[in-house]
Amino acid sequence: MPSKYANSYAQSDFWSKKAFSEGYPARSVYKLKELDEKFSLIPKNCIALDLGSAPGSWTLYLLKNGAARVVSCDLHELAKNVNSESLTFIKGNLNDAAVREKIKAFSPYDVVVCDAAPSTTGNRTVDTARSEQLVEMALWYGEAMLKNGGNFAVKIFQSGGQQHALQKMRTLFATAKGFKPEACRVESFETYLVGIGRK
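Just so it is clear, the model here is predicted, and its values are computed rather than measured. (Residues numbered from 1 in each chain as written. Predicted model: local features only at pLDDT ≥ 70, side-chain atom pairs only at ≥ 80, totals over all residues. Heavy atoms only, no water.)

A.B. asks: Is there a simple way to explain the overall build of the chain in this structure?
C.D. replies: Assigned secondary structure in the chain consists of six helices and seven strands. Put simply, the chain runs from its N terminus to its C terminus through helices and strands in the order α-α-β-α-β-β-α-β-α-β-α-β-β. Looking at the chain as a whole, 49% of its 199 residues are labelled buried. In the chain, of all internal contacts separated by at least 6 residues, the share reaching a separation of at least 24 is 60%. (Helix = DSSP H or I, 4+ residues; strand = E, 2+ residues; numbered from the N terminus. Buried < 20%, exposed > 50% of the residue type's maximum accessible area, 1.4 Å probe, protein only. Contact = heavy atoms within 4.5 Å.)

Here it is, written out as structure tokens:
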């Protein structure tokens, strides 16, 4: 196995152990932490929407770092330790009209984040196309439910669709950029798109 992959898995183990020791259900929390620190993504006392949230590391980070209310949605339940009086969890498909209405009831949001990933097939073309569909879905929520000045972050598999999504985001946000946090695996082709300041 090439050394860069060996190092990546060692790094993965580091982030996973760190997450567990700090009470987070997954290592992905450090990706959001880095996005927040770099872009001031999460305003204090904000209303936040976490799309595709299970097992709940991003939801928990939001609750601990500035959110007054978090609305969290996924097909799967959150980890048992992800709970708060400030949390509203909606179980369901983000494309369902009934789910959209439940989420809309808490809008407008100060920040919308999405760490959802498609079920992967191993076929990069298929997987990136599915990822782009999730990004389009997340952008629909951002466009429809963010308040003026609101912020946005979404995961995307790197491909030609990344630039298309950024072009769309530049029409919606004052600033739109791609960024790959340190906690991503070296061999992973995931990255993040960040929009700051909903127009």
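The structure having been displayed, the exposition proceeds.
A.B. asks: Please clarify how the packing of aromatic side chains should be interpreted in this entry.
C.D. replies: What characterises a pair of aromatic rings is the spacing of the ring centres plus the angle enclosed by the ring planes. Tallied over the full model, the rule gives four aromatic pairs. Judged by centre distance (5.0 Å) and plane angle (90 degrees), the rings of tryptophan 140 and tyrosine 141 are edge-to-face. Here tyrosine 141 falls in the buried class, since its relative accessible area comes to 0%. Measuring from centroid to centroid gives 5.8 Å for phenylalanine 152 and phenylalanine 173, while their planes differ by 25 degrees, and the two rings are stacked. Of this pair, phenylalanine 152 sits in strand β5 (residues 146-157) while phenylalanine 173 sits in strand β6 (residues 173-179); the two residues are 21 residues apart in sequence, bridging distant segments of the chain. (Phe/Tyr/Trp six-rings, centres within 6.5 Å; stacked < 30°, edge-to-face > 60°.)

A.B. asks: What is the right way to look at the sheet that holds strand β2 (residues 67-74) in this model?
C.D. replies: In a beta sheet, neighbouring strands pair by backbone hydrogen bonds and run either parallel or antiparallel. What the seven strands build is an open sheet, ordered β3-β2-β1-β4-β5-β7-β6; its pairing is mixed. Each edge of the open sheet is held by one strand with a lone partner, namely β3 (87-91) and β6. On average, adjacent strands in this sheet sit at an angle of 15 degrees to one another, irrespective of strand direction. As paired strands, β2 and β3 are joined by five bridges and run parallel to one another. Counted as the bridge partner of cysteine 73 is isoleucine 90 from β3. (Pairing = 2+ DSSP bridges. Axes fitted to C-alpha atoms, helices over the stretch in contact; angles between N-to-C directions.)

A.B. asks: Help me out: how do you make sense of unusual backbone geometry in this one?
C.D. replies: Cis geometry marks the peptide bond from alanine 54 to proline 55, where omega comes out at 5 degrees. In this fold, proline 55 is placed in the loop between β1 (46-51) and α3 (57-64). The omega torsion of the bond from serine 107 to proline 108 falls at 5 degrees, within 30 degrees of zero and hence cis. Turning to its location among the elements, proline 108 is positioned in the loop between α4 (97-104) and β4 (109-114). Backbone geometry places serine 40, a non-glycine residue, at a positive phi of 50 degrees. Relative to the helices and strands, serine 40 is located in the loop between α2 (29-39) and β1. Residues other than glycine seldom take positive phi values, yet asparagine 45 does so here, at roughly 55 degrees. Turning to its location among the elements, asparagine 45 is positioned in the loop between α2 and β1. Overall, the relative accessible area of 66% leaves asparagine 45 in the exposed class.

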